[in-house]
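Coordinate analysis (summary)
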Amino acid sequence: MADLFIKQAKQYFVGRPSYPQKLFHFIASKTPSHDLAWDVGTGSGQAAISLANTYKNVIATDTSPKQLEFAAKLPNIRYKCTSSNMSMSELQQNIGSESSVDLVTIAQAMHWFDLPKFYQQVKWVLKKPNGVIAAWCYTVPEVNPSVDSLFQRFYTIDAGPYWESPRRFVDEKYETIDFPFQPVDGLEHNGPFRFNSEKVMDLEGYFTYLKSWSAYQTAKGKGVELLTDKVVEDFKRAWNEDGKIEKIVIFPVYLRIGKVGSSN
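As a starting point, this report considers the structure included with it.

So, how was this worked out
Residues numbered from 1 in each chain as written. Predicted model: local features only at pLDDT ≥ 70, side-chain atom pairs only at ≥ 80, totals over all residues. Heavy atoms only, no water. Helix = DSSP H or I, 4+ residues; strand = E, 2+ residues; numbered from the N terminus. Rg over C-alpha atoms; globule rule 2.2 N^0.38 Å. Buried < 20%, exposed > 50% of the residue type's maximum accessible area, 1.4 Å probe, protein only. Contact = heavy atoms within 4.5 Å. Areas by Shrake-Rupley, 256 points an atom, 1.4 Å probe, with all protein chains shown as cover. Lys, Arg positive; Asp, Glu negative; His and termini not counted. Charge placed at Lys NZ, Arg CZ, Asp CG, Glu CD. Expected span 1.5 Å × (residues − 1). Arc of directions from axis to C-beta. Pairing = 2+ DSSP bridges. Axes fitted to C-alpha atoms, helices over the stretch in contact; angles between N-to-C directions. Salt bridge = Lys/Arg side-chain N within 4 Å of Asp/Glu carboxyl O. Polar contact = N/O pair within 3.5 Å; in protein donor to acceptor, adjacent residues only side chain to side chain. Parallel < 35°, antiparallel > 145°, perpendicular 65-115°, else oblique. Left-handed = near helix turned anticlockwise from the far one by under 90°. Nonpolar A, V, L, I, M, F, W, Y, C, P; charged D, E, K, R; others polar. Core = buried A, V, L, I, M, F, W, Y, C linked by side-chain atoms within 4.5 Å.

Here we come to the overall build of the protein chain. Helix and strand counts for the protein chain come out as 12 helices and seven strands. Compactness check: the protein chain gives a C-alpha radius of gyration of 19 Å against a globular reference of 18 Å for 264 residues, within 12% of the reference. Reported as C-alpha extents along the three principal axes, the dimensions of the protein chain are approximately 55 × 35 × 35 Å. Here the protein chain holds 264 residues, and the buried ones make up 55% of them. Considering only contacts within the protein chain whose residues lie at least 6 apart along the sequence, 77% involve residues at least 24 apart. Carbon and sulfur atoms make up 50% of the accessible area of the protein chain, which amounts to about 12,000 Å² in all. Within the protein chain, the 29 negative side-chain charges are centred at a point lying 3 Å from the centre of the 30 positive side-chain charges.

Here's what the structure looks like:
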């Protein structure tokens, strides 16, 4: 996974949406204590920065040193580059001892993980009972009908062959991803729950987002430019229809949230 994002780390940092504060307030309200959060697959630290407002300490890990170069440095965030196949001893060394973490978060990354092994580590490191795991993804951006219809064709037909198979979990809004955790207090199920992330974009920023896709990078590595002159012109025409250079782009965010019980 890390290799897919190394070359477009800057596009990822610039082009990807941030996450809504409502999401973090919701997660924090379901976490009994706020001493330590572990943000897994932190990328350039978008989630870690928001977590640092509520949690005393945040450990943010990623397998890509290039991504971590773009992460904002804050006094209560400790960034760690970890192996993609972290052992239990590495977990203890890098993250903490058994039952020591209040919250584990995974933003737009869990569909890449070896979930049985990862969940074993999560259940070991989370405080028992009631340590919380929160994983979310965002799906395709919503601009307006003209741009969105072009996007759907580009996403499914042009880029479709270059998506890795785990992408389907994002398309399915994390509804079908394995998530063996109990509902947190006050909720009847463990999600997904929808939130909206909004990002003001011009067309160049929109293209930067498209270039940050793993599918775009995979295609480029095979000598295929997905943003052909015709595709770019079609997007320009649709984008400029309303005469507005900048637009509010909505990224739907889908959250799964659960807790470990005393028996986990």
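Compared with the 20 Å implied by 1.5 Å per residue over 14 residues, the 19 Å span of helix H8 (residues 145-158) between its first and last C-alpha is a close match. Among the residues of H8, those classed as buried are Val 147, Leu 150, Phe 151, Phe 154 and Tyr 155. Angularly, the buried residues of H8 cover 130° about the axis, an arc narrow enough to put them on a single face. In H8, the exposed positions that point more than 90 degrees away from the buried face belong to Pro 145 and Ile 157. Where H8 is buried, its residues meet helix H9 (167-171), helix H10 (203-211) and helix H12 (229-239).

Turning to the sheet that holds strand E2 (residues 57-62), a few remarks are in order. Strands in a sheet are paired, the pairing made by backbone hydrogen bonds, and the direction either parallel or antiparallel. An order of E3-E2-E1-E4-E5-E7-E6 is seen for the seven strands of this open sheet, with the pairing classed as mixed. Strands with a single pairing partner mark the edges of an open sheet, and in this sheet they are strand E3 (77-81) and strand E6 (193-201). Each strand axis lies, on average, 20° off the axis of its neighbour in the sheet, ignoring direction. Looking at chain direction, strand E1 (residues 36-40) and strand E4 (residues 103-107) are connected through four bridges and run parallel. Its bridge partner lying in E4, Ala 37 is registered against Leu 103. Each of E4, strand E5 (132-138), E6 and strand E7 (247-259) touches helix H3 (residues 21-29); the most contacted strand, E7, lies at about 10° to it.

Along the chain, Asp 39 turns up in strand E1. Here Asp 39 is buried and forms no salt bridge, its nearest opposite-charge partner Lys 73 lying at an N-O distance of 13 Å. A polar side-chain atom of Asp 39 sits 2.7 Å from a polar atom in the side chain of Thr 42. Excluding residues that lie within four positions of it along the chain, Asp 39 makes contacts with Ala 47, Ala 48, Leu 51, Ile 59, Ala 60, Thr 61, Thr 105 and Ile 106.

Turning to the side chain of Lys 259, a few remarks are in order. Within the element layout of this structure, Lys 259 appears in strand E7. Of the residues examined, Lys 259 reaches a relative accessible area of 13% and is grouped as buried. Engagement of the side chain of Lys 259 in a polar contact is seen with the side chain of Asp 185, the distance being 2.8 Å.

Let's shift gears to the packing of H10 against H12. H12 packs onto H10 with a crossing angle of 135° between their chain directions and a minimal axis gap of 11 Å. As summarised for this structure, H10 and H12 are arranged oblique, according to the angle between their axes. Between H10 and H12 lies a crossing of right-handed hand. Of the residues in H12, those in contact with Leu 203, Tyr 206, Phe 207 and Leu 210 of H10 are Val 232, Phe 235, Lys 236 and Trp 239. Of the residues in the contact of H10 with H12, the class split is seven nonpolar, no polar and one charged.

Our focus in this paragraph is helix H7 (residues 115-125). Within H7, burial applies to Leu 115, Phe 118, Tyr 119, Gln 121, Val 122, Trp 124 and Val 125. Where H7 is buried, its residues touch E1, helix H6 (88-94), E4 and E5.

Before going further, it helps to spend a moment on the nonpolar core. Of all hydrophobic cores here, the largest spans 59 residues; its most connected members are Trp 136, Tyr 206, Leu 210, Trp 213 and Phe 235. Each residue touching Tyr 206, except ones within four places of it in the same chain, is listed here: Pro 141, Val 143, Val 147, Phe 151, Met 201, Phe 235 and Trp 239. Of all hydrophobic cores here, the second largest spans 30 residues; its members include Val 40, Phe 118, Tyr 119 and Leu 126.

Everything listed here is a matter of coordinates, which is why it stays silent on function.
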